[in-house]
Amino acid sequence: MKCIQFNLVVAAVKALAPLDCWKGCSGYICDFAKFWRDISTSDSQLRWIGPEKGVIHLATAAVVNALWDLWARMEGKPVWKLLVDMTPEQLVSTIDFRYITDVITKEEAIELLKKKEDGKKERGKNNDVLFF
């Protein structure tokens, strides 16, 4: 059964490949939230089997995770370090707030992250020991 599920996800990733949202990775690294919106809503035929559930959602998540890995490789660091090194504004810019603004807005997220910046470098040092 797992092999069938895996094959479905692979087929779904391949179905995402011809979408108009693929304009080059470097552009999407500048606007990660836009990439998520574009890939998850750009094809109405795929959208009816997702994108917020099922195999298309899994495929979209796989592509987005791969893009995070690619971005980190381009920066020469692991993904956790890429995230730690971001400013609150950069980190928040990677999030598509379309479905969560009733709980938190971009501005509130930035404010929350800025409040936690004290000690960020020290916490990062602890991760260097754990992961390197």
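So, here is what we can say about the structure in this document. (Residues numbered from 1 in each chain as written. Predicted model: local features only at pLDDT ≥ 70, side-chain atom pairs only at ≥ 80, totals over all residues. Heavy atoms only, no water.)

**Here's the deal with the nonpolar core**
Turning to step 1, where the next piece is worked out: If you look at the biggest cluster of nonpolar residues, it comprises 16 residues, and the most contacted ones within it are F32, F35, W68, W71 and L82.
Turning to step 2, where the next piece is worked out: Contributing elements (two or more residues each) for this core: helix 1 (2-16), helix 3 (32-41) and helix 5 (54-75).
Turning to step 3, where the next piece is worked out: At eight residues, the largest contribution of residues to this core is made by helix 5.
Turning to step 4, where the next piece is worked out: In this structure, W68 is in contact with F32, V79, L82, L83, M86 and T94, ignoring residues within four places of it in sequence. (Core = buried A, V, L, I, M, F, W, Y, C linked by side-chain atoms within 4.5 Å. Buried < 20%, exposed > 50% of the residue type's maximum accessible area, 1.4 Å probe, protein only. Helix = DSSP H or I, 4+ residues; strand = E, 2+ residues; numbered from the N terminus. Contact = heavy atoms within 4.5 Å.)

**A short note on a nonpolar patch on the surface**
Turning to step 1, where the next piece is worked out: On the surface, a cluster of nonpolar side chains totalling about 270 Å² of accessible area is made up of I95, Y99 and I100.
Turning to step 2, where the next piece is worked out: For I100, the location among the structural elements is in the loop between helix 7 (88-93) and helix 8 (106-115).
Turning to step 3, where the next piece is worked out: For I100, a relative accessible area of 33% translates into the label partly exposed. (Patch = residues over 30% accessible without salt bridge, like charges linked within 9 Å, V, L, I, M, F, W, Y side chains within 5 Å. Areas by Shrake-Rupley, 256 points an atom, 1.4 Å probe, with all protein chains shown as cover. Salt bridge = Lys/Arg side-chain N within 4 Å of Asp/Glu carboxyl O.)

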